[in-house]
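Geometric and topological summary
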Amino acid sequence: MLILYGFDVSNYFNMVKLALAYKELDYKKHTLYPNQSTEFLALSPMGKVPVLETTQGCLCETSVMMEYLDVLHSERPLYPGDDFAKAKIKELVKLCELYIELPARRCYPEVFFGQQVSLETKKEVKRALFKGIEGLARTAKFSPYLAGSEFSAADIMFLYSADMAAIVMQKAFDIDLLALAPGATELMARLKEMPQVQQIAADRKVANVDFQKYIASLS
Ligand SMILES: N[C@@H](CCC(=O)N[C@@H](CS)C(=O)NCC(=O)O)C(=O)O
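Residues numbered from 1 in each chain as written. Predicted model: local features only at pLDDT ≥ 70, side-chain atom pairs only at ≥ 80, totals over all residues.

Some remarks on the domain arrangement of the protein
To be explicit about the condition: For the domain bounds, the source is a domain assignment made automatically or taken from a database. Any two residues are considered in contact once their C-beta atoms, placed from the backbone, lie within 7 Å. A helix here means a DSSP run of H or I that spans at least four residues, while a strand means a run of E at least two residues long, and both kinds are numbered starting from the N terminus. Residues are grouped as follows: Ala, Val, Leu, Ile, Met, Phe, Trp, Tyr, Cys and Pro are nonpolar; Asp, Glu, Lys and Arg are charged; all remaining types, including Gly, are polar.
Looking at the assigned domains, one finds that the protein contains domain 1 (2-76) and domain 2 (83-195). Counting residues at the interface gives 7 residues for domain 1, matched by 8 residues for domain 2. Of all elements in the fold, only helix 1 (11-22) and helix 3 (62-72) reach the threshold of two or more residues within the side of domain 1 that touches domain 2. Of the residues in the side of domain 1 that touches domain 2, the class split is 4 nonpolar, 3 polar and no charged.

Written out as structure tokens, the structure reads:
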């Protein structure tokens, strides 16, 4: 039995949850927050979530988990069979993670947790997000999915990266990030209509109550 460690508010955790739900795979959820305890570092070398426990051991890194799950269960593929097409999906996954999710994350403390982020950092994030979304617009198809006609792992990474980045751009800079990539707003809306995504959003809302208490307990 697969076990997914993490918490329902985490965007990366929700990427793996969506991959599991889309592929209709059974798993157990083990709720925990990221931490640096010796026990958890034995499962997750950086102390981050999610972690996926398999019968052969644990995996960290969301994109790696999505690829593993696709090999494990070939029904409802998240990556096409053709090698080049598969590489293009992985390229889109990386573009979303490296140039949209990661820069936006640097402003999470201010946008989501009421802490201050320096003006210098905010300028860097704004510049990086412009570059990231413009780069994505150059290669993504948005017809209707990120890589073309089929839903893929790239859509999962896009959904849970670009939505957070869009909130960051809106709240910190009053800029509509998705409007900078023609088709992105429509794709985001289409993805949010998926029943699995709606269930994950409902779980997130419930889990956010405990998560806010947890965050408050840290200060
Ligand atoms: N590259 C990792 C990123 C995972 C990540 O950043 N998770 C956050 C929660 S959304 C986390 O564990 N943060 C705690 C930390 O960075 O120490 C992945 O692909 O899974």
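After presenting the structure, the write-up continues.
Thoughts on the sheet that holds strand 4 (residues 57-60)
Put simply, the rule reads: A pair of strands is considered paired only if DSSP assigns at least 2 bridges between the two. Helix axes are fitted only over the stretch in contact, all axes being lines through C-alpha atoms; the angle between N-to-C directions runs from 0 to 180 degrees.
As summarised here, the arrangement of the 4 strands in space is 2-1-3-4, forming an open sheet in which the pairing is mixed. Only two strands of the sheet have a single partner each, and these edge strands are strand 2 (27-31) and strand 4. With direction set aside, neighbouring strand axes in the sheet form an average angle of 25°. Sitting on the sheet, helix 1 is in contact with strand 1 (2-6), strand 2 and strand 3 (51-54), with an inclination near 155° to strand 1.

What about the site of the ligand?
Under the convention used in this document: For each residue, a C-beta atom is positioned from the backbone; the residue is called near a molecule or strand if that atom sits within 6 Å of it.
All residues adjacent to the ligand are Ser10, Asn11, Tyr12, Pro34, Gly47, Lys48, Val49, Pro50, Glu61 and Thr62. Here the shell around the ligand is composed, by residue class, of 4 nonpolar, 4 polar and 2 charged.

A short note on the packing of helix 1 against helix 9 (residues 195-218)
For the record, the criterion: For classification purposes, an angle smaller than 35 degrees is called roughly parallel, one larger than 145 roughly antiparallel, one from 65 to 115 roughly perpendicular, and anything else oblique. Crossings are sorted by hand: turned counterclockwise from the far helix by less than a right angle, the near helix makes the crossing left-handed, and turned clockwise it makes it right-handed.
Interhelical geometry of helix 1 versus helix 9 gives an angle of 140° and a closest axis separation of 10 Å. By the angle between their directions, the pair helix 1 and helix 9 is classed as oblique. By crossing handedness, the relation of helix 1 to helix 9 is classed as right-handed. Between helix 1, through Asn14, Lys17, Leu18, Ala21 and Tyr22, and helix 9, the contact on the second element is made entirely by Gln196, Val197, Ile200 and Arg204. Among the residues making up the contact of helix 1 with helix 9, the classes are represented as 5 nonpolar, 2 polar and 2 charged.

Comments concerning the packing of helix 4 (residues 83-105) against helix 6 (residues 119-139)
Relative to each other, helix 4 and helix 6 sit at 155°, their axes nearing to 9 Å. On the basis of the axis angle, helix 4 is roughly antiparallel to helix 6. Note that helix 4 runs across helix 6; the crossing there is left-handed. Of the residues in helix 6, those touching helix 4 at Leu95, Cys96, Tyr99, Ile100, Pro103 and Ala104 are Val125, Ala128, Leu129, Lys131, Gly132, Ile133, Gly135, Leu136 and Thr139.

Points about unusual backbone geometry
Stated formally: Residues are called buried when their C-beta atom has 20 or more other C-beta atoms within 10 Å, exposed when it has 12 or fewer, and partly exposed otherwise; all C-beta atoms are positioned from the backbone.
In the segment running from Val49 into Pro50, the intervening peptide bond is cis, with an omega of 5°. Here Pro50 shows up in the loop between helix 2 (38-41) and strand 3. Here the residue pair Ser143 and Pro144 is connected by a cis peptide bond, since its omega of -10° sits within 30 degrees of zero. Residues other than glycine seldom take positive phi values, yet Glu24 does so here, at roughly 55°. Along the chain, Glu24 turns up in the loop between helix 1 and strand 2. For Glu24, a count of 10 C-beta atoms within 10 Å translates into the label exposed. Although it is not a glycine, Phe142 adopts a positive phi angle of roughly 50°. Within the fold, Phe142 resides in the loop between helix 6 and helix 7 (153-173).

Side note on the environment of Tyr33
Among the secondary structure elements, Tyr33 is positioned in the loop between strand 2 and helix 2. For Tyr33, a count of 16 C-beta atoms within 10 Å translates into the label partly exposed. Look past the residues within four positions of Tyr33 in its chain and what remains in contact with it is Phe7 and Tyr214.

Points about the pairing of strand 2
We count it as follows: Orienting the strands away from the viewer, one traces the path from the first strand over the helix to the second; a clockwise path indicates a right-handed crossover.
Pairing geometry for strand 1 and strand 2, over 5 bridges, is parallel. Within the sheet, the bridge partner assigned to Gly6 lies in strand 2 and is Thr31. For the handedness criterion, the β-α-β arrangement of strand 1, helix 1 and strand 2 is classed as right-handed.

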